[in-house]
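One-letter residues, chain by chain:
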Amino acid sequence: MPQQTDTLSSRVAATYKAREVEGLLDLYFYRPIGLRLAEFFEQLKMTPTAVTLFGGVCGVVAGHLYYYRDLRINIVGMVLHVCANALDNADGQLARLTQRETRKGRIIDSVADHVVFASIYVHLTLRCFLENPSPAIWLLALAAGISHALQGAAADYYRSTYLYFAATGARTGFDSSAGVRSEYQTSGWHQRPWDKLLLALYLNFTRQQEMLAPHLKRLRDAASELFEGQIPAWLRARYQNLAGPMLKWWGLLMTNTRMLVLFVLLLIGRPIYFFWFELIPLNALFVYLIFREETMAESMQEVARKWRDLA
């Protein structure tokens, strides 16, 4: 039995991007379940994109079920929401398991995540509006949705940057808005309209990330220019020491935290507080982390420049 447990743990660990960027709930719940699902879908010859779409459907339906004031229906929605998140883990694990991880798959996965939370926000807003028909509810929900999008973009960018500097092999998956824009401009709508649309969405996403973290973008550009993608050990260690402790706080801006808070608020029948949770505590944490990360990135740019001058 211990040997079987060790084997399962090693198999699950092989599907991580890096253990440091995984949350506790991911490590001990979603990743083990995701691996089982990924192995099952591999036997069915399903593609990671098909799994992504399946999870997206579950999430959209879950959002619809949050519209009703019947707790039993809400609980069914919660179960579907957990299933959607498990499938969201499984698609990436399947891609890494079968060595079919692509940028297009990552973009589709991101679009599916946005569609799921759009369903949740729209149905929660309609529910709250029917309970208290005030136009302010729509403004509150819109502000919360924009906050959610910015927080998620920043959290993803800082996590991918950590992988870029600290994890071996993660630098090949890094895209800049300039590179995406060049590819977008050379592709046509007539030949591959779906691919063109995905590139347009991805270009907007990368621009948004870089605008939120200009110093971090410059640090990544400098590292790419100075070291040609081969991050030296001293820089890797320095980045790990400075950015590593903040990963757990960035994790609070990811999906799991929102899900847990939403579930509690649905159980007590106060879903409108979900919007306030986005606007006040999560935005406060978001601003603090942006300040910390940008300050760190600026100081590391100075170190990189000194290294260049001494080299």
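Residues numbered from 1 in each chain as written. Predicted model: local features only at pLDDT ≥ 70, side-chain atom pairs only at ≥ 80, totals over all residues. Heavy atoms only, no water.

Participant: Could you give an account of the pattern of salt bridges, with specific residues and numbers?
Facilitator: Counted according to the given criterion, the structure contains nine salt bridges. For the salt bridge of glutamate 131 with arginine 69, the shortest nitrogen-to-oxygen distance reads 3.2 Å. Of this pair, glutamate 131 sits in helix H5 (residues 103-131) while arginine 69 sits in the loop between helix H3 (48-65) and helix H4 (71-97), and the two are 62 residues apart along the sequence. Overall, the relative accessible area of 65% leaves arginine 69 in the exposed class. A salt bridge links aspartate 195 to lysine 104, with the nearest nitrogen and oxygen atoms 3.0 Å apart. In this pair, aspartate 195 is assigned in helix H8 (residues 193-212) and lysine 104 in helix H5, connecting sequence segments 91 residues apart. By relative accessible area, which is 38% here, lysine 104 ends up partly exposed. Linked by salt bridges that have partners in common, Arg69, Arg127 and Glu131 make up one network. (Salt bridge = Lys/Arg side-chain N within 4 Å of Asp/Glu carboxyl O. Helix = DSSP H or I, 4+ residues; strand = E, 2+ residues; numbered from the N terminus. Buried < 20%, exposed > 50% of the residue type's maximum accessible area, 1.4 Å probe, protein only.)

Participant: Could you give an account of the confidence of the model for the protein, naming the residues involved and the relevant values?
Facilitator: When pLDDT is averaged across the protein, the result is 87; 90% of the residues are at 70 or more. The element-level mean pLDDT for the protein is lowest in helix H1 (residues 2-13), coming to 60, with H3 highest at 96. (pLDDT = per-residue confidence, 0-100.)

Participant: Tell me about the environment of arginine 100, and please be specific about residues and values.
Facilitator: Looking at where arginine 100 falls in the secondary structure, it is placed in the loop between H4 and H5. For arginine 100, a relative accessible area of 36% gives the class partly exposed. Taking the C-alpha atoms as reference points, arginine 100 and tryptophan 194, separated by 94 residues in sequence, lie 19 Å from one another. Other than its neighbours up to four places away in sequence, arginine 100 contacts Met46, Thr47, Pro48 and Ala95. Of note is the side chain of arginine 100, whose polar atom sits 3.1 Å from the side chain of threonine 98. (Contact = heavy atoms within 4.5 Å. Polar contact = N/O pair within 3.5 Å; in protein donor to acceptor, adjacent residues only side chain to side chain.)

Participant: Can you explain H3? Please cite residues and give values.
Facilitator: Here H3 contains 18 residues, and its C-alpha end-to-end distance of 26 Å stays within 8% of the 26 Å for a straight helix at 1.5 Å per residue. Buried residues of H3: Pro48, Val51, Thr52, Gly55, Gly56, Cys58, Gly59, Ala62, Gly63 and Leu65, and no others. The secondary structure elements touched by the buried residues of H3 are helix H2 (24-43), H4 and H5. (Expected span 1.5 Å × (residues − 1).)

Participant: Any chance you could break down unusual backbone geometry for me, citing the residues and the numbers?
Facilitator: One non-glycine residue, lysine 45, adopts positive backbone phi at about 65 degrees. Note that lysine 45 resides in the loop between H2 and H3.

Participant: Explain the packing of H4 against helix H12 (residues 255-267) residue by residue, including any values.
Facilitator: At a closest axis distance of 10 Å, the pairing of H4 and H12 adopts a crossing angle of 170 degrees. As summarised for this structure, H4 and H12 are arranged roughly antiparallel, according to the angle between their axes. Here Leu71, Asn74, Met78, His81, Val82 and Asn85 of H4 lie close against H12, whose contacting residues are Thr255, Asn256, Met259, Leu262, Phe263, Leu266 and Leu267. (Axes fitted to C-alpha atoms, helices over the stretch in contact; angles between N-to-C directions. Parallel < 35°, antiparallel > 145°, perpendicular 65-115°, else oblique.)

Participant: So what about the packing of H5 against helix H6 (residues 136-166)? Which residues, and what values?
Facilitator: Relative to each other, H5 and H6 sit at 160 degrees, their axes nearing to 10 Å. By the angle between their directions, the pair H5 and H6 is classed as roughly antiparallel. Here H5 and H6 pass one another in a crossing that is right-handed. Contact with H5, carried on its side by Phe117, Tyr121, Thr125, Leu126, Cys128 and Phe129, involves Ile137, Trp138, Ala141, Ala144, Gly145 and His148 of H6 and no other residues of that element. (Left-handed = near helix turned anticlockwise from the far one by under 90°.)

Participant: Please set out the side chain of asparagine 256 residue by residue, giving values where relevant.
Facilitator: With respect to the helices and strands, the residue asparagine 256 is situated in helix H12. Of note is the side chain of asparagine 256, whose polar atom sits 3.0 Å from the side chain of asparagine 85. In this structure asparagine 256 touches Leu25, Asp26, Tyr30 and Asn85, once residues within four positions along its chain are discounted.

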